[in-house]
Amino acid sequence: MIEPHAPAPPGAPPSWTGPARLPVRPGTGRFLVLVCVFVCAACGLVYELELVAFASYLMGDPVTQASVVLSVMVFAMGIGSLGAKRLRCHAAAGFGAVESALALIGGCSAMALYAVFAWTAGWGGMWADGPRCLLVAFSLAIGLLIGAEVPLLMELIQRIRRQDAGGAVADLFAADYVGALVGGLAFPFLLLPFLGQLTGALLTGTVNVVAGGALVLGLFRRDLTRRARWTLLLAGLTVLGVLACAAALAGDFERAARRAVYGPDVRVAVQTGVQEVVLAGGTHGEPLDLFLDGRLRVGGRDEHRYHEALVRPALTGPHTRVLILGGGDGLAAREVLRHPGVRRLDIVELDPGLVRLARRDPGLSALNGHALADPRVRVTTADALTWLREARGPAYDVVISDLPDPGITAGAKLYSQEFYGLARRVLAPDGRLVVHAGPVAARPRAFWTVAATLRAAGFAVSPYRVPGHGSACAAAPEASRAPHDWGFLLAARGDAAPALRVGRGRAGTLTQAGLTADARAAERTRVSGVPVSTLVHPRY
């Protein structure tokens, strides 16, 4: 058993000789420390989620970005906890300094990441990985500072009233975990939709520095020297001034950064609650580009090529009743409604904000030919997989899967065997299913995986592709560039692959042509001996 008054080991920091002199009762002081723990934990988790969200929007591949941010940050938290041991003898001053630095770095991290990505990501060379390096640097710095908080707060709470280590840790971690819960829920449901990422991060930094400064300068001011009090006060006011100036300039900064990323013709940029939607061009004869979470979804130069290739082969057979999964922009619906004989078109779209833009935005509604106002069209706001699970009633002659690329992890369930099995259930016996399966040349493995999944769900498939122009802006970030081709899979029930019969399209005659050099390269990657056919517009 350890003696209660045993001497400290050599090299250990000096312990306090008595309880802290507080301006309030010890019970109230202890409660205020736990409130500060709660607030700091909420702010720390917001910083983490903000880095993950920004990296996912700007660099794609959310699983990789989340793994990098969280693993680096957790590692840094351990290092920060070890480093905080040297500050325990000056716990109040150390905690105040840590909170000021954390508020400044965490609050400005989103703006700094956006700036580097917008103005240096297209430089190439040594700057090509600049945004990723900065992401790791911010994760490391924020993790170090968050890790230093807990040991210092433990020391402060013990200064108020000594208790057994287990009880103190339990109280501290309870407040920490509840704060993390509140921060984790506040980010997607409050900060992101109402304030945006930049202003939300700056507000979080403001709350962080105010909470830390109030605790140290209000509750533990007698533990600080006069010089330390003034230093912390000036540091906190400086951080608040920087964050306030950044918040005042956030709107102009974001508009300039969006123009650098998406081009000078950005008209609309809204956070719908599901995703960020950006519209560029589309007025005065300019082509319209639609970006969803930073990825080019509709390119004005290639839009007709993509949607005709998606829709026309599937509608060469019966097409009285048609279902579009996705397609909230109304462009696939426009192509469907060009075909005589369509009596009903159902659209299942997750994002109601995108549907509103498709109906009301002058550029997008003109591009889709006001298709969503057609009386034959019925739009349902729902997740496609959930809707298919609950679908009942007459079968569809054609099902069109106009969903994001299979390479996007968030939409992986929409390319699963269950998803295609449910789609098969709502398809008429002689019906057809067409799937947008991403670029063939850039991601052949993903394309053929989708084909194999369709066959596992009981479909026979005919793969085809259509070439694209690619991005018109060479300096555009990779996530914002148009693909060099689009891959599609036409599927039908049974063992016989559906024939690719095409006719004359608005942009020219669609024919099943011989393979180009790019298609021959893709064919060499084929699975189960199934080649890729190429549909081309002769005018291109």
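Use the structure listed above.
Below: a short report on this structure. (Residues numbered from 1 in each chain as written. Predicted model: local features only at pLDDT ≥ 70, side-chain atom pairs only at ≥ 80, totals over all residues. Heavy atoms only, no water.)

1. Remarks on the overall build of the protein chain
If you tally the helices and strands in the protein chain, you get 14 helices and 15 strands. Across the protein chain, every contact between residues at least 6 apart in sequence was considered, and the portion connecting residues at least 24 apart equals 75%. Here the protein chain displays about 24,100 Å² of accessible surface, and carbon together with sulfur accounts for 61% of that area. (Helix = DSSP H or I, 4+ residues; strand = E, 2+ residues; numbered from the N terminus. Contact = heavy atoms within 4.5 Å. Areas by Shrake-Rupley, 256 points an atom, 1.4 Å probe, with all protein chains shown as cover.)

2. What to know about the pairing of strand β6 (residues 344-349)
With five of its six residues buried, β6 lies for the most part within the structure. Here five bridges tie strand β5 (residues 321-326) to β6, and the two strands are oriented parallel to one another. The residue of β6 that forms the bridge with leucine 323 is aspartate 346. In this view, the connection linking β5 to its parallel neighbour β6 by way of helix α8 (residues 331-337) has right-handed handedness. (Buried < 20%, exposed > 50% of the residue type's maximum accessible area, 1.4 Å probe, protein only. Pairing = 2+ DSSP bridges. Right-handed = clockwise from strand over helix to strand, strands pointing away.)

3. Here we look at the packing of aromatic side chains
Working definition: an aromatic ring pair is given by the centre-to-centre distance plus the angle between the planes. Counting across every chain of the model gives ten aromatic pairs. For the ring pair tyrosine 262 and phenylalanine 291, a centre distance of 4.5 Å and an interplane angle of 50° mean the geometry is tilted. On the criterion of sequence distance, the pair formed by tyrosine 262 in helix α6 (residues 226-262) and phenylalanine 291 in strand β3 (residues 289-292) is long-range, its members being 29 residues apart. The buried category is assigned to tyrosine 262, whose relative accessible area is 8%. On the numbers, 5.6 Å between centres and 65° between planes, the contact of tyrosine 306 with tryptophan 486 is edge-to-face. Pair noted here: tyrosine 306 is in helix α7 (residues 303-311) and tryptophan 486 is in strand β11 (residues 485-493), with a separation of 180 residues, a long-range link. With relative accessibility at 9%, the residue tryptophan 486 sits in the buried group. By the ring-pair criterion, three or more aromatic residues cluster together here, those being Phe54, Tyr114, Trp119 and Phe253. Its end group placed over the ring of tyrosine 396, arginine 321 keeps NZ or CZ at 4.9 Å from the ring centre. (Phe/Tyr/Trp six-rings, centres within 6.5 Å; stacked < 30°, edge-to-face > 60°. Lys NZ or Arg CZ within 6 Å of the ring centre and 35° of its normal.)

4. Points about the pattern of salt bridges
Throughout the structure, instances matching the rule amount to 17 salt bridges. Here glutamate 155 and arginine 88 are joined by a salt bridge, their closest N and O atoms 3.2 Å apart. You can see glutamate 155 sitting in helix α4 (residues 130-160) and its partner arginine 88 sitting in the loop between α2 (62-83) and α3 (91-120), a full 67 residues away along the chain. Between arginine 344 and aspartate 346 there is a salt bridge whose closest N-O contact spans 2.9 Å. Exposure remark for arginine 344: the relative accessible area of 28% places this residue in the partly exposed category. For aspartate 346, a relative accessible area of 5% gives the class buried. Taken together, the salt bridges that share partners define one network made up of Glu303, Arg334, Glu335 and Arg338. (Salt bridge = Lys/Arg side-chain N within 4 Å of Asp/Glu carboxyl O.)

5. Some remarks on the packing of helix α1 (residues 26-59) against helix α5 (residues 165-219)
Axes are the key here: two packed helices are described by the angle between their axes and the distance separating the axes. Across the interface, α1 lies against α5 with an axial gap of 5 Å and an inter-helix angle of 35°. The residue inventory of the contact of α1 with α5, partitioned by class, reads 33 nonpolar, nine polar and four charged. (Axes fitted to C-alpha atoms, helices over the stretch in contact; angles between N-to-C directions. Nonpolar A, V, L, I, M, F, W, Y, C, P; charged D, E, K, R; others polar.)

6. Points about the side chain of glutamate 50
For glutamate 50, the position within the fold is in helix α1. Buried charged residue glutamate 50 carries no salt bridge. Nearest counter-charge: arginine 258, at 14 Å. Setting aside chain neighbours within four positions, we find glutamate 50 in contact with Gly106, Ser109, Ala110, Phe187, Gln197 and Ala201. (Lys, Arg positive; Asp, Glu negative; His and termini not counted.)

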